[in-house]
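So the chains spell out like this:
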Amino acid sequence: MPRVKTAKEEPEQQSANPYLPVSTKITSFKRESSDCFMIRIDFKTKHDPGQFVQLTLPGIGEAPISIASYSQEFMDLNIREVGNVTKALSKMKKGDTLFVRGPYGKGYPMDKLFGKELIVIGGGSGVAPLKGILSYVDKHKNNFGEVSLYFGFRTPEDILFKDEMRQWRNKYNLNLSVDKNPNKARISCDVCFITNLIEKAKLNPENKIVFICGPPMMMNITISILKNKGFKEEQIYVSTERLMQCALGICGHCMIHGKYTCLDGPVFRYDEIGQYTND
Amino acid sequence: MLKINKASFNDFLLDLMRYNELIAPVKTDESRFELVKDIKQIEISLHTYFPVKKLFFRKHQTMFSFDKNKLAEPETSAEKKQRVIVGLKRCDLNSIRRQDIMFMKDTKDPYYKEERDRTILVGYNCKEPFDEYCFCSSMDLGDYYDLMLYDKDDAYLVEIGSEKGRNFVDRYRKYFWDTELFLRPEDRRIETKLQLDKRDIKEYYNHPDWKKMVDICFSCAACVTLCPSCYCFDIHDEVDATLNKGERKRNWAACQLPCFTKVAGGHVFRSTREDRFKHRIYHQLQYFKDRHGMTLCTGCGRCIRGCPTRINFVKGINEMKLEK
């Protein structure tokens, strides 16, 4: 399977003006938790898992959103309400129009990792881009070894992709945790930080690749645990968050020690940015 | 070699003004590149306080306008006159080269390109450093111009640097004379007193001496505003009272301000002045060089000249000792 071409290799697919988004429609809207929702948009394009798009609501602004699917027929975006644009998006419904440009950035280099066993670690809305990996793995089952998932959420109510979780539990080695359970919900997962589960797990670094996406604190702790278990920085891929405005490697906001998150990332092999994760 | 006699230089400029917008260093309250209305204003050898970048990479740029769910690009006026900028110093020309890389190499920025395409760059080679803050001779600046003027006695020797420049000379051929005079190497390059010794600063990232400079930094962002190469920008939407109509705009941004790296939710990645100060210097001297083979900094000295506390990062870096 050849690597799908990224937006950068096919610059003519949109308008000649790289800043101008195209119109698209919301084909489904699903609330996932109190502050997260999933929209599917009618935007057909080739992309890698881990890439992102820029969504525009005219008059509100533009926000980078990572792609939570792997399909050329549609695009799923899991969105957390944290800023102006995402709050306005949360009030939209099926059939509404919004504007999109992309996909941008480098995703997970899945085709270079054939034959590896995967460890996928996500925290909160950081699970969204990792969902694209699992869609990819579904389509290329025979190319990967065992897949282990470690997903952590704040409370049982915050757990995303509940339907998919059931399938993933059957297919993969799923480890789920919630930080706390204030409403005493009946749950079949551990109540602890996801990092505690990783600490306890018997993980052998051999032939493994780790994908991490989550809050900065959770990623930093996870990486130090993995390093103690003998994992090398080259085995770890992180998906980073920065302020991104142009998404074309010009505006400068997303720079991490000379690397543009929107061009060279948002997925980095950990040794590429290593000590500069707070830059 | 071609020359223009200084005696006929004003006639040449007047002729230019008839069909072109003429822009040159002008001194008013401060010195800047301005549209010339009266050629007496021009001080061709002046090293302007404000950079030339505003003429290509505008401070405020409308990217597109919207009306509910209809987007429209700004109309490009084919009527715009050709522009001639006279009196660009070698540092200015090299900073235009850096911005050309950012806005025209990989990504074709339509707003920048429109302004750039209608402009002819006429340089003026400094005879001596403008002041003690210039350090261009330590920055490996290249030739990047349509025409370059070298001040020699009663004439300007003219070097042509591009096809555009050649066509321009052909159009105004009556002012250009062939001459036996020639340029010596020392005519091309001047020696500045201030020299940046250590241009490879990779190893210095955790050096304690950064603190000396950061301690007197206000994080006011004058340095990046005055930098002729700095190209970072913000994008935001502006709406009218109906909340339906409006424009998406881009403005100059400053990496020295905390909001530059603030993400939704409020986290600021480069939250300390030291982080931001080092980011500027590393972007200028290392990051851009790693990507494009040349430093972003062209040694014009504007960031030192315009700094309220005159932080001389060149001296600061020169004084750093590598302690391993």
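Only a predicted model underlies this, so the values are computations on that prediction, with no experimental measurement involved.

Quick look at the overall build of chain B
Piece 1. Scanning chain B from N- to C-terminus turns up ten helices and twelve strands.
Piece 2. By the compact-globule yardstick of 20 Å for 324 residues, chain B fits well, its C-alpha radius of gyration being 21 Å.
Piece 3. Taken over the C-alpha atoms alone, chain B extends approximately 65 × 60 × 35 Å along its principal axes.
Piece 4. Taken across its 324 residues, chain B has 56% of its residues classed as buried.

Looking at the side chain of A:Thr155
Residues and elements named next belong to chain A.
Piece 1. With respect to the helices and strands, the residue Thr155 is situated in the loop between β8 (147–153) and α3 (162–171).
Piece 2. Of the residues examined, Thr155 reaches a relative accessible area of 11% and is grouped as buried.
Piece 3. Those residues in contact with Thr155, other than ones at most four positions away along the chain, are Val178, Lys180 and Pro182.

Regarding the environment of A:His140
Piece 1. Assignment of secondary structure puts A:His140 in the loop between α2 (127–139) and β8.
Piece 2. Spatially, the C-alpha atom of A:His140 lies 9.8 Å from that of A:Met110, the residues being 30 residues apart in sequence.

Some thoughts on the state of the cysteines
Residues and elements named next belong to chain B.
Piece 1. For the structure on display, the rule yields zero disulfides over all chains.
Piece 2. Unpaired in terms of disulfides, Cys220 finds its nearest cysteine sulfur in Cys307, a separation of 6.2 Å.
Piece 3. Lacking any disulfide linkage, Cys297 is separated from the closest cysteine sulfur, that of Cys303, by 6.3 Å.
Piece 4. Overall, Cys297 belongs to the buried group, its relative accessible area being 8%.

Regarding the sheet that holds strand β10 (residues 177–178) of chain B
All names here are of chain B.
Piece 1. Reading across from one edge, β3-β2-β6-β7-β8-β9-β1-β10 is the order of the eight strands in this open sheet, with mixed pairing throughout. Strands at the two margins of the open sheet, each flanked by one partner only, are β3 (31–35) and β10.
Piece 2. Where strand β2 (residues 20–27) meets strand β6 (residues 82–88), four bridges bridge the pair, whose relative direction is parallel. When the bridges of β6 are listed, Glu21 appears paired with Arg83.
Piece 3. Strands β1 (2–5), β2, β6, β8 (147–152) and β9 (155–160) of the sheet are contacted by helix α1 (residues 6–19), whose axis makes an angle of about 95 degrees with β1.
Piece 4. Contacts between helix α2 (residues 90–105) and the sheet are confined to β3, β6, β7 (119–125) and β8, with β7 contributing the most and set at about 145 degrees to the helix.

Details of unusual backbone geometry
Piece 1. A:Gly102 connects to A:Pro103 through a cis peptide bond whose omega is 0 degrees.
Piece 2. Residues A:Gly265 and A:Pro266 are joined by a peptide bond in cis, for which omega reads 5 degrees.
Piece 3. Position of A:Pro266 relative to the elements: it lies in the loop between β14 (259–260) and β15 (267–269).
Piece 4. Despite not being glycine, B:Asp140 shows a phi value in the positive range, around 50 degrees.
Piece 5. Its relative accessible area of 62% is what places B:Asp140 among the exposed residues.

So, the domain arrangement of chain B
Residue and element names in this part refer to chain B.
Piece 1. Domain parsing of chain B yields domain 1 (2–188) and domain 2 (202–319).
Piece 2. Each of domain 1 and domain 2 was reduced to a C-alpha centroid, and the two centroids are 25 Å apart.
Piece 3. Summing both sides of the interface, domain 1 and domain 2 together bury roughly 3,700 Å²; the carbon and sulfur share of this comes to 62%.
Piece 4. Applying the counting rule to domain 1 against domain 2 returns three salt bridges.
Piece 5. With a shortest N-O distance of 2.7 Å, Asp109 and Arg250 are connected by a salt bridge.
Piece 6. Linking domain 1 with domain 2 are 27 residue pairs in polar contact (both at pLDDT 80 or more).
Piece 7. Residue assignment for the side of domain 1 that touches domain 2 shows that the elements contributing at least two residues are β4 (60–67), α2 and α3 (110–117).
Piece 8. Among the elements that line the side of domain 1 that touches domain 2, the one with the most residues is α2, at eleven residues.
Piece 9. For the side of domain 1 that touches domain 2, the per-class residue count stands at 20 nonpolar, nine polar and twelve charged.

Points about the packing of α2(B) against α3(B)
Residue and element names in this part refer to chain B.
Piece 1. Close contact between α2 and α3 brings their axes to 9 Å; oriented N to C, the two are set at 135 degrees. Taken together, the axes of α2 and α3 are oblique relative to one another. The interaxial crossing formed by α2 with α3 has left-handed handedness. Between α2 and α3, the residues in contact are Ile96, Gln99, Asp100, Phe103 and Met104 and Tyr112, Lys113 and Arg116, respectively.
Piece 2. Residues of the contact of α2 with α3, tallied by class, amount to four nonpolar, one polar and three charged.

Notes on the nonpolar core
Piece 1. Membership of the largest hydrophobic core comes to 111 residues, with the highest contact counts inside it found for A:Ile212, B:Tyr231 and B:Phe313.
Piece 2. Apart from the residues within four sequence positions on either side, B:Phe313 is in contact with B:Phe135, B:Met213, B:Phe277, B:Ile281, B:Leu285, B:Cys297, B:Cys303 and B:Ile304.
Piece 3. A:Met38, A:Tyr108, A:Ile133 and A:Phe153 belong to the second-largest nonpolar core, a separate cluster that totals 36 residues.

Remarks on the side chain of B:Arg83
Residue and element names in this part refer to chain B.
Piece 1. Positionally, Arg83 belongs in strand β6.
Piece 2. On the basis of relative accessible area, Arg83 is assigned to the buried category, the value being 4%.
Piece 3. Among the polar contacts made by the side chain of Arg83, one reaches the side chain of Thr119 at a distance of 3.0 Å.
Piece 4. Excluding anything up to four places from it in sequence, Arg83 contacts Glu21, Ile23, Leu55, Phe56, Glu115, Arg118, Thr119 and Ile120.

Looking at the pairing of strand β3 (residues 52–57) of chain A
All names here are of chain A.
Piece 1. The buried fraction of β3 amounts to six of the six residues, a majority that puts the element mostly inside the structure.
Piece 2. A loop of three residues connects β3 with strand β4 (residues 61–66), the two strands running antiparallel in sequence, and Gly59 in this loop sits at a positive phi of about 95 degrees.
Piece 3. Here β3 pairs with strand β6 (residues 97–104) via four bridges, running antiparallel. Bridge pairing links Gln54 to Arg101 in β6.

Regarding the domain arrangement of chain A
All names here are of chain A.
Piece 1. What the domain assignment lists for chain A is domain 1 (7–104) and domain 2 (110–276).
Piece 2. Its C-alpha centre places domain 1 at a distance of 21 Å from the equivalent point of domain 2.
Piece 3. Across the contact, 27 residues belong to domain 1 and 29 residues belong to domain 2.
Piece 4. Approximately 2,100 Å² of surface area, both sides summed, lies buried where domain 1 meets domain 2, with 59% of it carried by carbon and sulfur atoms.
Piece 5. The partner of Asp163 in a salt bridge is Lys30, with the nearest N and O atoms 3.4 Å apart.
Piece 6. Our count for the contact surface shared by domain 1 and domain 2 stands at seven residue pairs in polar contact (both at pLDDT 80 or more).

The rules behind these values
Residues numbered from 1 in each chain as written. Chains lettered and ligands numbered in written order. Predicted model: local features only at pLDDT ≥ 70, side-chain atom pairs only at ≥ 80, totals over all residues. Heavy atoms only, no water. Helix = DSSP H or I, 4+ residues; strand = E, 2+ residues; numbered from the N terminus. Rg over C-alpha atoms; globule rule 2.2 N^0.38 Å. Buried < 20%, exposed > 50% of the residue type's maximum accessible area, 1.4 Å probe, protein only. Contact = heavy atoms within 4.5 Å. Disulfide = S-S within 2.5 Å. Pairing = 2+ DSSP bridges. Axes fitted to C-alpha atoms, helices over the stretch in contact; angles between N-to-C directions. Domains from an automatic or database assignment. Buried area = accessible area lost by both parts, 1.4 Å probe. Salt bridge = Lys/Arg side-chain N within 4 Å of Asp/Glu carboxyl O. Polar contact = N/O pair within 3.5 Å; in protein donor to acceptor, adjacent residues only side chain to side chain. Nonpolar A, V, L, I, M, F, W, Y, C, P; charged D, E, K, R; others polar. Parallel < 35°, antiparallel > 145°, perpendicular 65-115°, else oblique. Left-handed = near helix turned anticlockwise from the far one by under 90°. Core = buried A, V, L, I, M, F, W, Y, C linked by side-chain atoms within 4.5 Å.

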